[in-house]
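Each chain, letter by letter, is given below.
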Amino acid sequence: MVFDETYDVVIVGGGNAGFSAATTAAQSGVRACLVEKAPLDDAGGNTFFTAAAFRCCFDGLQDLLPYLFQSDGTKGLPQELVDKIDMAPYTKTDFHADIDRVTKGRADPVLANILVDNSREAVQWLMDNGAKFVLSFNRQAFFVDGKYKFWGGMVINMAAPESHTSFDLGQGKELFNFHLNLAKGHGVAIYFGSPAVDLVIDTTKNEVIGVKVFREGRLRTIGARGGVILANGGFQASPALRAQYLGPGWDLAHVRGSKYNTGDGHIMARKIGAKLEGNYSGCHSVAWDRNSPRVSGNRMLTNQYTKSGYPLGVMVNADGKRFVDEGFDLRNFTYAAFGREILKQPSGTAFQVWDSNGSRLLRREEYADDVTTNLRAETLDQLADILVTRGLKDKGQFLSTIADFNEACESFQREHPERIFDPSIKDGLSTQGDKRSLAIGKTNWAVPIKSGPFQAVEVTCGITFTFGGLAATSAAEVVNKFTESKIYGLWCVGELLGGLFWDNYPGGSGLTMGTVMGRIAGREASNRAKLSRE
């Protein structure tokens, strides 16, 4: 077959996973090409909209310390700050336990092992190639008893550019810029505004040998000696596919990230017999600002529309009733599942509510007045009146819900005076005592909402990515549904890979898995390309 151009490896999709594959291929000594559906000014995939937090195993602070930066770009942390950090190691056993718990034991054990075993190396590869990471002080730590107590196992995220001084200005924007510059520096050919529309098959050998791409106004055929790596995400930006696979009402969810992730990889791979795998009725979805754009993320505010302060207060629906246990686990093990619960509520929305004690612990990144619409009042009755104007249907029920919650908190505290509020651990402060309990309890961080002023924000469901994808081998090779063997010359990575996450996921593990499998696919495709030359 005659191609318009030929490379050793072609990668479809320009997010973290795709760029990890492309740069790894280039570092292996082959010619790599990456094609991206979005134009440059809208590129980055879902990666751009993330907090750029990576979950990996590590042997305590000293393991990470030589590679960390301060928020101003200075390498290394001052000793006076180091002395205030309380950070436990995060072991392989810890990581496996978190995956098993949040996916209810459904995660593919082979994929889980690959993620856990390679997580530290993946982050080190990023660091060794110039990625600057900071400790996630404001995302994953609370200052308790003179110490920054880190919780939940995920402790690092991408640093900001040196010209900024915020812990949050880096995140996904900087991760995308890092990947883009790294790939360019290694000679990867990158084409934006170039959607892939079909795979090219050599029917005589039954292998993928290229991809068809729309670029500069015409259809081009790009050859791939080693094969094609699909890294073009899930189908979360397609309302039709969401409704088809996730169920009724999901077409109403807000899209947190890229509007270009519309299932293209699924469609292309299915045409040639790829096997579907994973939790097709499941997805990563969060409590998301109700006033956010519906069809795509905001490239300025990106992840700031997340509203993850619910463990510090309560969530109520439009009927004035609580509907989840806001404290059943640490936030980064619940936030990816609560979007679904919000979507189930009347009008698909809810209110998050705090008193002054909870409000002071909210992250400014998500709850500042220039980020969201904060509803405030000196009394609960006044707050209820405001919420009625925003869709609350039953003021009386709302006030009764808060009163019952407060009474249950106080009753438990009388029974267990030794329990102390600590947001950095599962503190056991509950509503479920011997004398009084609630139909829907709060397992941890249950303190009364009584001290004004009071604060509320409106949230809806924001979908991040879908869990259903393609079946792949441990080497990221796509599996044929008819033969159960690999499809030669085709790999899939990132959010297109199915089988790992079910119902929920441990925060920060998606990006890590993208780098892990991206690097595996990049090496495998490169090796195949080299063999083709012999």
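You'll find the structure just up there.
Below or above, wherever it landed, is the structure these notes cover. Computed from a predicted model, the values in this text were never measured in an experiment.

**Considerations on the overall build of the chain**
Inference 1: From N to C terminus, the chain includes 15 helices and 22 strands.
Inference 2: Over its C-alpha atoms the chain spans a radius of gyration of 24 Å, differing by no more than 12% from the 24 Å that the globule rule assigns to 534 residues.
Inference 3: By principal-axis analysis of the C-alpha atoms, the chain measures approximately 75 × 55 × 40 Å.
Inference 4: Every one of the 534 residues in the chain was classed for burial, and the buried ones make up 62%.
Inference 5: When contacts within the chain are restricted to residue pairs at least 6 apart in sequence, long-range pairs at least 24 apart make up 73% of them.
Inference 6: Of the accessible surface of the chain, which amounts to about 19,900 Å², a share of 50% is contributed by carbon and sulfur atoms.
Inference 7: Positive and negative charge centroids in the chain, built from 58 and 60 side chains respectively, lie 4 Å apart.

**Quick look at helix α14 (residues 395-415)**
Inference 1: Across its 21 residues, α14 extends 31 Å between first and last C-alpha, which sits within 8% of the 30 Å expected from 1.5 Å per residue.
Inference 2: Among all positions of α14, only Phe 398, Thr 401, Ile 402, Phe 405, Asn 406, Ala 408, Cys 409, Ser 411 and Phe 412 are buried.
Inference 3: Its buried side turned inward, α14 meets β16 (314-316), β17 (349-354) and α13 (380-389).

**Thoughts on the packing of aromatic side chains**
Inference 1: Applying the stated rule across the entire model yields 22 aromatic pairs.
Inference 2: The interplanar angle of 50° and the centroid separation of 6.4 Å between the aromatic rings of Tyr 335 and Tyr 505 together place this pair among those described as tilted. Here Tyr 505 lies in the loop between β22 (486-492) and α15 (509-533) and Tyr 335 lies in helix α10 (residues 335-343), a separation of 170 residues in the sequence. The same class applies to Tyr 335 as to Tyr 505, namely buried.
Inference 3: With 5.9 Å between their ring centres and 80° between their planes, Phe 465 and Tyr 505 make a pair best called edge-to-face.

**Some points on the sheet that holds strand β5 (residues 133-135)**
Inference 1: The strand order across the open sheet formed by three strands is β3-β8-β5, and the pairing between neighbours is antiparallel. Looking along the sheet, the strands with just one partner apiece sit at the ends: β3 (53-54) and β5.
Inference 2: One ladder, built from two bridges, connects β3 with strand β8 (residues 156-158); its direction is antiparallel. Looking at β8, one finds that Ala 53 is bridged to Asn 157.

**A closer look at the nonpolar core**
Note on soluble globular proteins: their nonpolar side chains tend to be buried together.
Inference 1: The biggest cluster of nonpolar side chains holds 122 residues, and the ones touching the most others in it are Leu 135, Val 228 and Leu 230.
Inference 2: It is helix α5 (residues 109-128) that provides the largest number of residues to this core, a total of 10 residues.
Inference 3: Apart from residues no more than four positions distant in its own chain, Val 228 is found in contact with Val 10, Val 12, Leu 199, Val 208, Gly 210, Val 211, Gly 489, Leu 490 and Trp 491.
Inference 4: Counting residues in hydrophobic clusters, the runner-up holds 21 residues, among them Ala 377, Leu 387, Leu 438 and Ala 446.

**Considerations on a nonpolar patch on the surface**
Inference 1: Together, Val 197, Phe 214 and Leu 219 make up a nonpolar patch on the protein surface, roughly 240 Å² of accessible area in all.
Inference 2: Counting through the fold element by element, Val 197 comes out in strand β10 (residues 196-202).

**Notes on the side chain of Glu 207**
Inference 1: Position of Glu 207 among the secondary structure elements: in strand β11 (residues 207-215).
Inference 2: Residue classification places Glu 207 among the buried positions, given a relative accessible area of 16%.
Inference 3: Beyond its immediate sequence surroundings of up to four residues, Glu 207 is in contact with Val 200, Ile 201, Asp 202, Tyr 488 and Arg 528.

**Overview of the pattern of salt bridges**
Inference 1: One pass over the structure, following the stated rule, counts 35 salt bridges.
Inference 2: Across the pair Glu 458 and Arg 390 runs a salt bridge, and its minimum N-O distance is 2.9 Å. In this pair, Glu 458 sits in strand β19 (residues 454-466) while Arg 390 sits in the loop between α13 and α14, placing the two residues 68 residues apart along the sequence.
Inference 3: In this structure Glu 458 comes out as buried when scored by relative accessible area, which is 6%.

**Regarding the environment of Val 188**
Inference 1: With respect to the helices and strands, Val 188 occurs in the loop between α7 (171-185) and β9 (189-191).
Inference 2: For Val 188 and Ser 359, which are 171 residues apart along the polypeptide, the C-alpha to C-alpha distance reads 47 Å.
Inference 3: Among all residues touching Val 188, those that are not within four sequence positions of it are Ala 22, Thr 23, Ala 26, Ala 32, Cys 33, Leu 34 and Ala 183.

**A look at the packing of α5 against α15**
Inference 1: Viewed as axis vectors pointing N to C, α5 and α15 meet at an angle of 85°, and their least axial separation amounts to 8 Å. Relative to α15, α5 is oriented roughly perpendicular. Touching Leu 111, Ile 114, Leu 115, Asn 118, Ser 119, Glu 121, Ala 122, Trp 125 and Leu 126 of α5 are Ser 509, Thr 512, Met 513, Thr 515, Val 516, Met 517, Arg 519 and Ile 520, all from α15.

**A word on the environment of Leu 392**
Inference 1: Within the element layout of this structure, Leu 392 appears in the loop between α13 and α14.
Inference 2: Beyond its immediate sequence surroundings of up to four residues, Leu 392 is in contact with Asn 317, Ala 318, Asp 319, Gly 320, Phe 351, Ala 384, Leu 387 and Phe 398.

**Some words on unusual backbone geometry**
Inference 1: With omega at 0°, the peptide bond leading from Gly 452 into Pro 453 counts as cis.
Inference 2: Of note, Lys 104 is a non-glycine position whose phi angle comes to about 55°, a positive value.
Inference 3: In this fold, Lys 104 is placed in the loop between α4 (92-102) and α5.
Inference 4: If you check the backbone angles, Trp 445 has positive phi at about 60° while not being a glycine.

Parameters and conventions
- Residue positions are given per chain, counting from 1 as you read along its sequence in written order.
- In keeping with the model being predicted, local features are shown solely for residues with a pLDDT of at least 70 and side-chain atom pairs are shown and tallied solely at 80 or more, while totals for entire chains, interfaces and linings include all residues.
- Hydrogens and water molecules were not included; the side-chain quantities draw on all heavy atoms of the structure.
- In this text, helices come from DSSP runs of H or I with a minimum length of four residues, and strands from runs of E with a minimum of two, each type numbered from the N-terminal end.
- It is over C-alpha atoms that the radius of gyration is taken, and the globule rule equals 2.2 Å times the number of residues to the power 0.38.
- Relative accessibility decides the category of a residue: with a 1.4 Å probe and only protein chains considered, values under 20% of the type maximum give buried, values over 50% give exposed, and everything between is partly exposed.
- Residues are treated as being in contact if the distance between any of their heavy atoms lies within 4.5 Å.
- Only the protein chains shown count as cover for residues, and all accessible areas are computed by the Shrake-Rupley method using a 1.4 Å probe.
- When charges are tallied, Lys and Arg are placed among the positive residues and Asp and Glu among the negative ones, while His and the ends of the chain are skipped.
- Charged groups are reduced to one reference atom each: NZ for lysine, CZ for arginine, CG for aspartic acid, CD for glutamic acid.
- By this rule the span expected of a helix is its residue count minus one, scaled by 1.5 Å.
- Two aromatic rings, drawn from Phe, Tyr or Trp (for Trp, its six-membered ring), form a pair once their centres lie within 6.5 Å of each other, and the interplanar angle then sorts them: stacked below 30 degrees, edge-to-face above 60, tilted otherwise.
- Paired strands are those between which DSSP finds at least two bridges.
- Nine residue types can take part in a nonpolar core, namely buried Ala, Val, Leu, Ile, Met, Phe, Trp, Tyr and Cys, and a core is a set of them joined through side-chain atoms within 4.5 Å.
- The patches described consist of residues with a relative accessible area above 30% and no salt bridge, like charges being joined within 9 Å and nonpolar side chains (Val, Leu, Ile, Met, Phe, Trp, Tyr) within 5 Å.
- The salt bridge definition used is simple: a Lys or Arg side-chain nitrogen within 4 Å of an Asp or Glu carboxyl oxygen.
- Every angle, taken between N-to-C directions, lies between 0 and 180 degrees, and every axis is a line fitted to C-alpha atoms, over only the stretch in contact when it is a helix.
- Under this scheme an angle from 65 to 115 degrees is roughly perpendicular, one under 35 degrees roughly parallel, and one over 145 degrees roughly antiparallel; angles in between are oblique.

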